[in-house]
Amino acid sequence: MSTCEVCGNEYDAAFTVITADSQEHVFDSLECAAQQIAPTCAECGCRVLGHGVQQDSTIYCCANCAQRAGVGAARDRV
């Protein structure tokens, strides 16, 4: 059994995620994985679980948040 690094639950179906920088993380649910490794929107603070919008190294959950932050050219769809 593995232990989730977020909630501490010991779970026989825990899974390992290897990030782009080769770090390994063990979770028992997608919710815990999102809390640990998903980026947060620079404008509203929500977790970015989809593509989001990126300006340089800043990540936003959507074009609306990017526009509110001053990224005028941001669009969700063209």
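Residues numbered from 1 in each chain as written. Predicted model: local features only at pLDDT ≥ 70, side-chain atom pairs only at ≥ 80, totals over all residues. Heavy atoms only, no water.

Asker: Mind showing me how you'd approach the environment of Thr58 here?
Answerer: With respect to the helices and strands, Thr58 occurs in strand E6 (residues 58-60). According to the relative accessible area criterion, Thr58 is partly exposed, its value standing at 29%. Spatially, the C-alpha atom of Thr58 lies 8.2 Å from that of Cys41, the residues being 17 residues apart in sequence. Not counting the four nearest positions on each side in its chain, Thr58 is found in contact with Ala42 and Val53. (Helix = DSSP H or I, 4+ residues; strand = E, 2+ residues; numbered from the N terminus. Buried < 20%, exposed > 50% of the residue type's maximum accessible area, 1.4 Å probe, protein only. Contact = heavy atoms within 4.5 Å.)

Asker: What should I look at first to understand the pairing of strand E3 (residues 15-18) in this one?
Answerer: The side chains of a regular strand alternate, first on one face of the sheet and then on the other. Looking at chain direction, E3 and strand E4 (residues 24-27) are connected through four bridges and run antiparallel. Bridge pairing links Phe15 to Phe27 in E4. (Pairing = 2+ DSSP bridges.)

Asker: Quick question: what am I supposed to make of the nonpolar core here?
Answerer: For soluble globular proteins, the rule of thumb is that nonpolar side chains tend to be buried together. Listed in full, the ten residues of the largest apolar core are Cys41, Val48, Val53, Tyr60, Cys62, Ala63, Cys65, Ala66, Val71 and Ala74. Residues within four places of Ala74 in sequence aside, it is in contact with Val53, Ala63, Ala66 and Gln67. (Core = buried A, V, L, I, M, F, W, Y, C linked by side-chain atoms within 4.5 Å.)

Asker: Please clarify how unusual backbone geometry should be interpreted in this entry.
Answerer: Trans peptide bonds make up most of the peptide bonds, and negative phi angles are found at most residues other than glycine. One non-glycine residue, Ser22, lies in the positive phi region at around 70°. In this structure, Ser22 sits in the loop between E3 and E4. On the accessibility criterion, Ser22 (58% relative accessible area) is exposed.

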